[in-house]
Amino acid sequence: RRVPDQPSEGAPDRWPPRIARWYAEILAAARRYQLDPDLLAAIMQQESGGEPQAVGAWVWIPHMGRYERAIGMMQVMPNEAERRGWTIEEAWQPEQNIMLGARVLRDKLDSVRGDFWTRVQGYYGFGDALSDYWLERVYTYWLAFRGDSP
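Below you will find a few notes about this structure. Since we're looking at a predicted model, the values are computed, not measured.

## A short note on the pattern of salt bridges
Consideration 1: Within this structure, the stated rule accounts for ten salt bridges.
Consideration 2: Residue Glu68 pairs with Arg66 through a salt bridge whose shortest N-O separation is 2.7 Å.
Consideration 3: On the basis of relative accessible area, Glu68 is assigned to the buried category, the value being 3%.
Consideration 4: A relative accessible area of 28% places Arg66 in the partly exposed class.
Consideration 5: Each of the salt bridges in this network shares a partner with another, and the network as a whole consists of Glu80, Arg83, Arg84, Arg103, Asp107 and Lys108.

## Description of helix α3 (residues 37-47)
Consideration 1: Burial analysis of α3 places eleven of its eleven residues in the buried class, which makes it a mostly covered element.
Consideration 2: Among all positions in α3, only Pro37, Asp38, Leu39, Leu40, Ala41, Ala42, Ile43, Met44, Gln45, Gln46 and Glu47 are buried.
Consideration 3: The inward-facing, buried residues of α3 contact α1 (17-20), α2 (23-33), α6 (94-111), α7 (116-121) and α8 (129-146).
Consideration 4: Where α3 begins, one side-chain oxygen reaches toward the backbone nitrogen of Asp38, 2.9 Å away; that side chain belongs to Asp36.
Consideration 5: Of the residues one or two after α3, Gly49 is the one with positive phi, at around 65 degrees.

Procedures and definitions
Residues numbered from 1 in each chain as written. Predicted model: local features only at pLDDT ≥ 70, side-chain atom pairs only at ≥ 80, totals over all residues. Heavy atoms only, no water. Salt bridge = Lys/Arg side-chain N within 4 Å of Asp/Glu carboxyl O. Buried < 20%, exposed > 50% of the residue type's maximum accessible area, 1.4 Å probe, protein only. Helix = DSSP H or I, 4+ residues; strand = E, 2+ residues; numbered from the N terminus. Contact = heavy atoms within 4.5 Å. Polar contact = N/O pair within 3.5 Å; in protein donor to acceptor, adjacent residues only side chain to side chain.

Right, here's the structure in full:
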């Protein structure tokens, strides 16, 4: 697989309209956390299709002792928001959700072992066919948003 090899300003002309409308916020988050904006856009496309009110399925979070569901365009888990000092209300705000998703991704890239794409997969999780499917979809979107072919 290819990896981001140079700074990018993103390619909103190749992004779906529901993602491209958040270009300024994606670019700001990418710059702050030193990420490829096309990668953030690809994760957003896979996670929510750019829907600010998107919610995931309820899942049990053992270390929190509660059920949670991923929220917003970047589908961030509430415990991930709380651990980074965001309130749940803040995490629902589209601009904050994008920034928070970028922070979570940066944290995974810095802490998960493995090659670049294994660390990206840390954003979603590991160890099952669904996380492998998620990564393949993100990678395909990323290539398309960059104008590359798989």
